[in-house]
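Per-entry structural report
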Amino acid sequence: ENQQNMAHLSLCATQADNFYIPPTWDPKEGSLKKFVGNKGRNQFERYGIVRLELPFDCWCDGCSRHLAKGTRFNASKEKAGTYYSTTLWRFGMNCPTCKVLLVLKTDPANRDYKCEENLRRRAVAAEVPSEQARDEGGIADLGRRQDGKRKGAKDKRE
């Protein structure tokens, strides 16, 4: 009974010091850290999962659900190759509706992402004013009109 009390006291002491030495560990086999193993510091090191926010609007090919820019997913992250010295990453996540695997891949050549599997990117036309819009008093005339208003306002004050 005295030995049981001593064992209980020693276990309480190790818990108080915030470390525990398992009874199966032998110092001859290596360090305690190697025996216990590295649990990792974050979600990616432990499970290969990262929190990803969609960089653009897209649609799921499985159920045609619209996925808005900024929608967050827990995505698996894996190396997909290299572009010069830059690592290419592939992100896999599940659609919230149909649970099909959606895959994005980094594209450092174009400073963008590519939709690889079950994703369709929303096509957005660039909003560049045409020559006709400029001639009709579009963006180019806006500054002139404001300057004219300012000059007129100064003349009225004098």
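Here's what I pulled together on the structure shown here.

Reading the values: the criteria
- Residues numbered from 1 in each chain as written.
- Predicted model: local features only at pLDDT ≥ 70, side-chain atom pairs only at ≥ 80, totals over all residues.
- Heavy atoms only, no water.
- Pairing = 2+ DSSP bridges.
- Helix = DSSP H or I, 4+ residues; strand = E, 2+ residues; numbered from the N terminus.
- Polar contact = N/O pair within 3.5 Å; in protein donor to acceptor, adjacent residues only side chain to side chain.
- Axes fitted to C-alpha atoms, helices over the stretch in contact; angles between N-to-C directions.
- Core = buried A, V, L, I, M, F, W, Y, C linked by side-chain atoms within 4.5 Å.
- Buried < 20%, exposed > 50% of the residue type's maximum accessible area, 1.4 Å probe, protein only.
- Contact = heavy atoms within 4.5 Å.

1. Overview of the sheet that holds strand 2 (residues 58-60)
Adjacent strands of a sheet pair through backbone hydrogen bonds, lying either parallel or antiparallel. The three strands lie next to each other as 3-2-8, forming an open sheet whose pairing is antiparallel. With one partner strand each, in any of the chains shown, strand 3 (66-67) and strand 8 (119-121) form the two edges of the open sheet. Here strand 2 pairs with strand 3 via two bridges, running antiparallel. In the sheet register, W59 faces strand 3, and the bridge partner there is H66.

2. Quick look at the side chain of T106
Here T106 shows up in strand 6 (residues 101-107). Within the structure, T106 has its side chain in polar contact with the backbone nitrogen of W89 (distance 2.9 Å).

3. A closer look at the sheet that holds strand 7 (residues 112-117)
Strands sit in the order 1-4-5-6-7 across an open sheet of five strands; the sheet is antiparallel. Two strands in the sheet have a free side with no partner beyond their single neighbour: strand 1 (49-53) and strand 7. Along the sheet, successive strands turn relative to each other by an average axial angle of 40°, direction set aside. One ladder, built from five bridges, connects strand 6 with strand 7; its direction is antiparallel. By the bridge assignment for strand 7, D107 is matched with D112.

4. With respect to the nonpolar core
Ranked by internal contacts, the top residues of the largest apolar core, which has 15 residues, are L54, L67, M93, L102 and L104. For this core, the secondary-structure elements that each account for two or more residues are strand 1, strand 2, strand 4 (72-83), strand 5 (86-94) and strand 6. Excluding its chain neighbours within four sequence positions, the residues that come into contact with L102 are C60, L67, F91, G92, M93, N94, C95, E117, N118 and L119.

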